[in-house]
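In case you want the letters, here they are:
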Amino acid sequence: MLMKIAKDRIRKGMFIESVACPSQEFPRRRFVLKTDKDITAILASSATNVSINLSLGVDLDGRKPAVAPATAKSATGDRARREAVRGTVSQSASALRSSLRDIVSGRSLDMSELSRAADDNGELWSDSTAIALEVTRLKSKDETTYVHSLAVSGLMTLLGRSLQMDDETVRILGVAGIMHDIGKLLIPNEILNKPGNLTDRERVVIRSHPEAGYQLLKSYPEIPQVVLDVCRLHHEVLDGSGYPLGLKQKDLSLPVQLSAVCDVFEALTSVRPYKRPWSTSQALDWMFARPHHFDRKMVIRLGSVLSDGPIG
């Protein structure tokens, strides 16, 4: 369970998920707070809040996390945790809807706000991977794009950490996941949410969303190039048969390849108007059987991350 606290309430023994520094001068995350040096550095930082994980460290009163017995109480706790995650995802999707629509409308973009949203979403997925995966598989028609983007962002964060990428790169991956499908907001809903087969013309319209999103985002100079690349190229595959540019593996960066794996996995395992969801193993097996599209090592690593649960 995650909790945000004022930085002056931190104490040794807490598990620090992240320190909300606007200037990012304290980038360290996911560690047990053990030293006065770290406490002093956090207090001296620009952060006002710190996220702690109550299941992995002491709480505000210094109490250690309790180990729940395998009883009906544990089942009740699981249900409560699932509902808490569901509520968090719903609130995040609503906030993301507002932010992305503001960008589409040409309003100003707050990169620090998007970074915080990506951090919070990444923490949720790290702490409750299995539950987050379960919750985000079920989407209403109106929230599909937003919850899908949150799920892809969470998966990209987990996979980036698993690949030992540095914290700043992982943070940018999280933002890229949140933003990758913004071009879909420019697609008419009657096409985007159509339950039946698309016509050839409708398919062309759908396939225009990566380029449309890229053209929209590149007008904001503060957006990192990685975010632009993921937005434009997340439907490219290794053999060059993807779109919009038909690039091959040598021209696809690691973040772009990672985004393609996470995007397709999330789509395969989710309820959509035109299909039933696949299981995790079905989706991973299908992707592994297509090495001309996806990096097999990355597919295996994603499967490992999802089976292992929270990672350090």
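Criteria and thresholds
In every chain, residue numbers begin from 1 and rise along the written sequence. Restriction of local features to residues with pLDDT of at least 70 applies here, the model being predicted, together with a cutoff of 80 or more for giving and counting side-chain atom pairs; totals for whole chains, interfaces and linings are based on all residues. For the side-chain quantities, the full set of heavy atoms in the structure was used; hydrogens and water were omitted. Angles here are taken between N-to-C directions and fall from 0 to 180 degrees, while the axes themselves are lines fitted to C-alpha atoms, restricted in helices to the stretch in contact. We count a stretch as a helix when DSSP gives it H or I for four or more residues in a row; a strand needs E for two or more, and each element gets its number in order from the N terminus. Here is the rule for angles: anything less than 35 degrees is roughly parallel, anything more than 145 is roughly antiparallel, 65 through 115 is roughly perpendicular, and the remaining ranges are oblique. Handedness of a crossing follows from how the near helix is turned relative to the far one, being left-handed for an anticlockwise turn of less than a right angle and right-handed for a clockwise one. When checking whether two residues touch, look at their non-hydrogen atoms; a contact exists if any pair is within 4.5 Å. Only Asp, Glu, Lys and Arg are considered charged in this grouping, and only Ala, Val, Leu, Ile, Met, Phe, Trp, Tyr, Cys and Pro are considered nonpolar; every other residue, Gly among them, is considered polar. In this description, strands pair whenever DSSP reports at least two bridges between them.

Across the interface, helix α3 (residues 111-127) lies against helix α5 (residues 144-162) with an axial gap of 9 Å and an inter-helix angle of 70°. Classified by the angle their axes make, α3 and α5 are roughly perpendicular. Of the two elements, α3 crosses α5, and the hand of that crossing is right-handed. Contacts between α3 and α5 involve N121, G122, W125 and S126 on the former and, on the latter, L150, A151, S153, G154, L155, T157, L158 and R161. Split into classes, the residues belonging to the contact of α3 with α5 amount to 5 nonpolar, 6 polar and 1 charged.

Backbone-to-backbone hydrogen bonds pair the strands of a sheet. The strands run either parallel or antiparallel. With antiparallel pairing, 4 strands are arranged side by side in an open sheet as β1-β4-β2-β3. Pairing within the sheet leaves two strands with one partner each, and these edge strands are β1 (2-6) and β3 (31-32). Note: strand β2 (residues 15-19) against β3, 2 bridges, orientation antiparallel. Directly across from I16, in β3, lies its bridge partner F31. The sheet strands contacting α3 are β1, β2 and β4 (49-53), and the helix crosses β1 at an angle near 135°.

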